[in-house]
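# Coordinate analysis (summary)
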Amino acid sequence: MNTTELTREDLATVSPAWWAAALVAVVLLAVTFAVEPGLFIDQAIGGLVYGMVLVLVTLGLSLILGLMGIVNFAHGAFFMLGAYLSYSVVVTLGLPFWAALILAPLAVGVVGVVLEITVLRYLYGSDPIVSLLATFGLTMMIEEVIRAYWGTAPLEISRPSVLTRGTDLGVTTVPTYRLFLVGVAVLTIVAVYLLISRTDFGLTVRAGVQDGEMTEFVGVNLPVRFTAMFFLGAALAGFAGVLYSAETGMRTTMGETFVILAFVVVVVGGIGSLFGSVVSGILIGVSAYLTPVVLSALAEVTNQPWLALQIRDLVPYLVMILILLYRPRGLFGEEGFLE
Amino acid sequence: MSSDWDASTTADATEPSGALLEVDGLAAGYDTGQVLFDVDLAIEEGELVSLLGRNGAGKTTTMHAIMGADEPAVLGGDIRYRGESIVDWQSHRRANRGIAIVPEKRRCFPRLSVVENVRLAINHAQNPLGLDEALAFFPELDDMRGKEARNMSGGEQQMLAIARALAANPDLMLLDEPFEGLAPYIVRRIEDIVADINAEQGITVFFVEQNVAAALAIADRHYVLDEGHIVDEVTSDRIREDEEFRQRYLGV
């Protein structure tokens, strides 16, 4: 977990090649913006929304990996469970969307705590592959429960009317909900940052990541904090699930897709670095949405139609390959947990 | 703090058997094998006692067993603190009851600042010192409050580890090789501080040391550990005078 000073140090070590690459990226983006300003802004905001959802999912994953050394594959299932629970809160219980935004994450957090106490607690200190397999099993169970209870057909809920309107940004009109989602995600990320950097709870968590045994030696009851972190991580994933599915609907494949992307975000950002997860989530979200637009603008400018590749789903992995080639520990990673 | 100390010594006077820490027939080990076989120790309140022995004799294992670390696993025997068996307690509970440790290799939290390292101990002790009080023992730490431990020298980290333990205002302080890898003038500084912690603060000190000269300089009573057995309980004079004993168990 980086403090702000450290990130400044890390930035200072960025090589000239990176600055050159950044310059090329800026030029490409500028060209694209000049060619198709409306589409550009649309997709930039779409990417930001996607990136923010990724960050929310990744925060919990990253905290759980850092503190407990657990590779929690079930994190995607928490994300999906949040989405489906919000459907029940809105459609079955008839409560407003706002209630789902609070209740569903809390319920997912409770599920996380139950799993921590009954299963994961026994895996601390074991090989990461053990926790990966165990949480993979939990993922299967949660997903099958979701299929059995909610069915396999895509579902959706209606958003509050305030958020269904559009907001005019000059060159284009974007759905207000997208701006709402970005705003709420930013507030959540800031709250998590303050929790980790400014509170005693955060201090014990940071110490626990660095040396769990010594943290116990100074009198901290770390197991209780592990459970609390698991609640927080699961609730954040559930929260992201509610926010995301309110726009796109609920699908039984969403957990799988997002947990893999979240691992990509963790690896690109650097394991153990919350700041890295935030930067990497936004980077991956925005580049996934903007790359096809940039390519289509390039195709238009150079009159080479084959350049307009639809590679949105491929971009996160391309970003990962590129970053890892140059920084094997990710953007802000200090030491690898899996080395 | 001094009033606590007076009260407890008075209580001790009426209960002659009330050692602060008693280790009784302790057997402990790791997956790789048993390390401690039959360790008996008794440390009275207010004492400054060392545990001597060669490399691999089981000194750090003893300290970790007293502190309640996950490893070693305790295989038998008992550890009593103020007469109460603590052998099944988790280490945070032992810390809350007034046992603090300055572990081998210091183990300051590398990415926490000086203040955060000390504050963590303060936040989780029952009757802690204030931050300024804890840092007052080491003026050099006071000048680097915001510095992260990983950017500090070995001597500075040792001071921080001691300040962190002191901040909890413990009754019993365990120190594991407090002089290891330090420059001679820092060794003397730490010797003075450890002696002070005992004499001025009234904290009972039990420390592990390979540096026999440093141990003799500050403690009067020593336990000698060899291959997981306590082989003797000796005074500083005995160690100074008995060369054969020194060579056999301490390698000096």
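Predicted model only: the values in this text are computed from it and were never measured.

## Side note on the overall build of chain B
The number of helices and strands found in chain B is 11 helices and 10 strands. For chain B, whose C-alpha radius of gyration is 17 Å, the value lies close to the compact-globule estimate of 18 Å for 252 residues. Dimensions of chain B, computed from the C-alpha atoms along their principal axes, are close to 45 × 40 × 40 Å. Split into buried and exposed, the 252 residues of chain B put 55% on the buried side.

## Considerations on the pattern of salt bridges
Pairs may arise between side chains of opposite charge once their charged atoms sit close together. A full pass over the atoms with the stated rule returns 22 salt bridges over all chains. Two residues, glutamate 116 of chain B and arginine 206 of chain A, come together in a salt bridge whose shortest N-O distance is 3.0 Å. Pair noted here: glutamate 116 of chain B is in helix α4 (residues 114-123) and arginine 206 of chain A is in helix α8 (residues 200-210), and the two residues belong to different chains. Judged by its relative accessible area of 8%, arginine 206 of chain A falls in the buried class. Between arginine 150 of chain B and glutamate 148 of chain B there is a salt bridge whose closest N-O contact spans 2.8 Å. For arginine 150 of chain B, a relative accessible area of 28% puts it in the partly exposed group.

## What to know about the packing of helix α7 (residues 154-167) of chain B against helix α8 (residues 184-199) of chain B
Two quantities define a packed helix pair, namely the angle between the helix axes and the distance between the axes. Residue and element names in this part refer to chain B. Running from N to C, α7 and α8 point in directions that differ by 10°, and their axes come no closer than 11 Å. Comparing their axes, α8 and α7 come out roughly parallel. Two secondary-structure elements touch here, α7 through Gly155, Gln158, Met159, Ile162 and Leu166 and α8 through Ile186, Arg189, Ile190, Ile193 and Ile197. Classifying every residue of the contact of α7 with α8 by side-chain character gives seven nonpolar, two polar and one charged.

## Observations regarding the UniProt feature "domain: ABC transporter" (unreviewed entry) in chain B
Listed under "domain: ABC transporter" (unreviewed entry) in the UniProt record, and renumbered for this structure, are residues 21-252 of chain B. Counting secondary structure, residues 21-252 of chain B comes out at 37% helix and 28% strand; the distance between its end C-alpha atoms is 29 Å.

## Structural notes on the UniProt feature "transmembrane region" (unreviewed entry) in chain A
Residues and elements named next belong to chain A. Sequence positions flagged by UniProt for "transmembrane region" (unreviewed entry) are, in local numbering, residues 17-35, 47-71, 77-95, 102-123, 179-196, 226-246, 258-286 and 306-326. With 84% helix and 0% strand, the stretch residues 77-95 has end C-alpha atoms that lie 23 Å from each other. Taken end to end, residues 258-286 is 86% helix and 0% strand, and its first and last C-alpha atoms sit 15 Å apart.

## Considering the confidence of the model for chain B
Mean pLDDT over chain B stands at 89; residues scoring 70 or higher make up 93%. Every residue in residues 1-16 of chain B scores below 50 in pLDDT, and together they form 11 contacts with partners more than four places removed in sequence or on other chains.

## Points about unusual backbone geometry
For the peptide bond that leads from glutamate 71 of chain B to proline 72 of chain B, omega is 5°, which places it in the cis range. Of note, the phi angle at asparagine 303 of chain A is positive, near 60°, even though the residue is not glycine.

## Details of the environment of valine 110 of chain A
Residues and elements named next belong to chain A. Relative to the assigned elements, valine 110 resides in helix α5 (residues 97-118). Overall, the relative accessible area of 48% leaves valine 110 in the partly exposed class. As a C-alpha pair, valine 110 and aspartate 200 span 90 residues in sequence and 23 Å in three-dimensional space.

## Some points on the interface of chain A and chain B
The figure often quoted for interface size is the accessible area lost as the parts come together. Chain A puts 23 residues into the contact, and the matching count from chain B is 26 residues. Across the chain A-chain B interface, the total number found is three salt bridges. A salt bridge links glutamate 213 of chain A to arginine 107 of chain B; the nearest nitrogen and oxygen atoms lie 2.8 Å apart. Here chain A is connected to chain B by nine residue pairs in polar contact (both at pLDDT 80 or more). Taken together, the elements giving at least two residues each to the side of chain A that touches chain B come down to α8, α9 (212-217) and α10 (222-248) of chain A.

## A closer look at the pairing of strand β6 (residues 99-102) of chain B
Residues and elements named next belong to chain B. Neither face of β6 is open: one carries Ile99 and Ile101, the other Ala100 and Val102, and all of them are buried. Relative to strand β7 (residues 172-176), β6 is paired through four bridges, and the arrangement is parallel. For valine 102, the partnering residue across the bridge sits in β7 and is leucine 175.

## What about helix α3 (residues 37-68) of chain A?
All names here are of chain A. Between its first and last C-alpha atoms α3 spans 45 Å; for 32 residues at 1.5 Å apiece the expected length is 46 Å, and the two agree. At threonine 58, α3 shows its strongest bend, of approximately 25°. Within α3, 27 of the 32 residues are buried, leaving the element largely enclosed by the surrounding structure. Immediately beyond the C-terminal end of α3, within one or two residues, lies glycine 69, with a positive phi of roughly 70°.

## Considering the packing of helix α11 (residues 254-269) of chain A against helix α13 (residues 315-326) of chain A
All names here are of chain A. It is at 10 Å that the axes of α11 and α13 come closest, and there the two elements cross at 25°. On the basis of the axis angle, α11 is roughly parallel to α13. The two elements α11 and α13 meet at a crossing, and its hand is left-handed. In contact with Ile260, Leu261, Val264, Val267 and Val268 of α11, α13 contributes Pro316, Tyr317, Met320, Ile323 and Leu324. Its residues placed into classes, the contact of α11 with α13 shows 10 nonpolar, no polar and no charged.

## Quick word on the pairing of strand β3 (residues 48-52) of chain B
Residue and element names in this part refer to chain B. Counting buried residues in β3 gives five out of five residues, a clear majority hidden from the surface. Alternating positions in β3 separate into two faces, Leu48, Ser50 and Leu52 on one and Val49 and Leu51 on the other, with burial throughout. Both β3 and strand β8 (residues 204-209) contribute to a ladder of five bridges, which runs parallel. The residue of β8 that forms the bridge with leucine 48 is valine 205. Across four bridges, the pairing between β3 and strand β9 (residues 221-226) is parallel. When the bridges of β9 are listed, leucine 51 appears paired with tyrosine 223.

## Points about α11 of chain A
Residues and elements named next belong to chain A. A rise of 1.5 Å per residue sets the reference length of α11, with its 16 residues, at 22 Å; its end C-alpha atoms lie 22 Å apart and thus fit the reference within 8%. α11 sits mainly inside the fold: 12 of its 16 residues count as buried. In the core, the buried residues of α11 are packed alongside α3, α4 (75-92), α10, α12 (274-302) and α13. The first or second residue beyond α11 is glycine 270, which carries a positive phi of 105°.

Conventions adopted
Residues numbered from 1 in each chain as written. Chains lettered and ligands numbered in written order. Predicted model: local features only at pLDDT ≥ 70, side-chain atom pairs only at ≥ 80, totals over all residues. Heavy atoms only, no water. Helix = DSSP H or I, 4+ residues; strand = E, 2+ residues; numbered from the N terminus. Rg over C-alpha atoms; globule rule 2.2 N^0.38 Å. Buried < 20%, exposed > 50% of the residue type's maximum accessible area, 1.4 Å probe, protein only. Salt bridge = Lys/Arg side-chain N within 4 Å of Asp/Glu carboxyl O. Axes fitted to C-alpha atoms, helices over the stretch in contact; angles between N-to-C directions. Parallel < 35°, antiparallel > 145°, perpendicular 65-115°, else oblique. Contact = heavy atoms within 4.5 Å. Nonpolar A, V, L, I, M, F, W, Y, C, P; charged D, E, K, R; others polar. UniProt positions renumbered as here; feature names shortened; annotations may be inferred. pLDDT = per-residue confidence, 0-100. Polar contact = N/O pair within 3.5 Å; in protein donor to acceptor, adjacent residues only side chain to side chain. Pairing = 2+ DSSP bridges. Expected span 1.5 Å × (residues − 1). Bend = angle between axes of the 7 residues up to and from the residue. Left-handed = near helix turned anticlockwise from the far one by under 90°.

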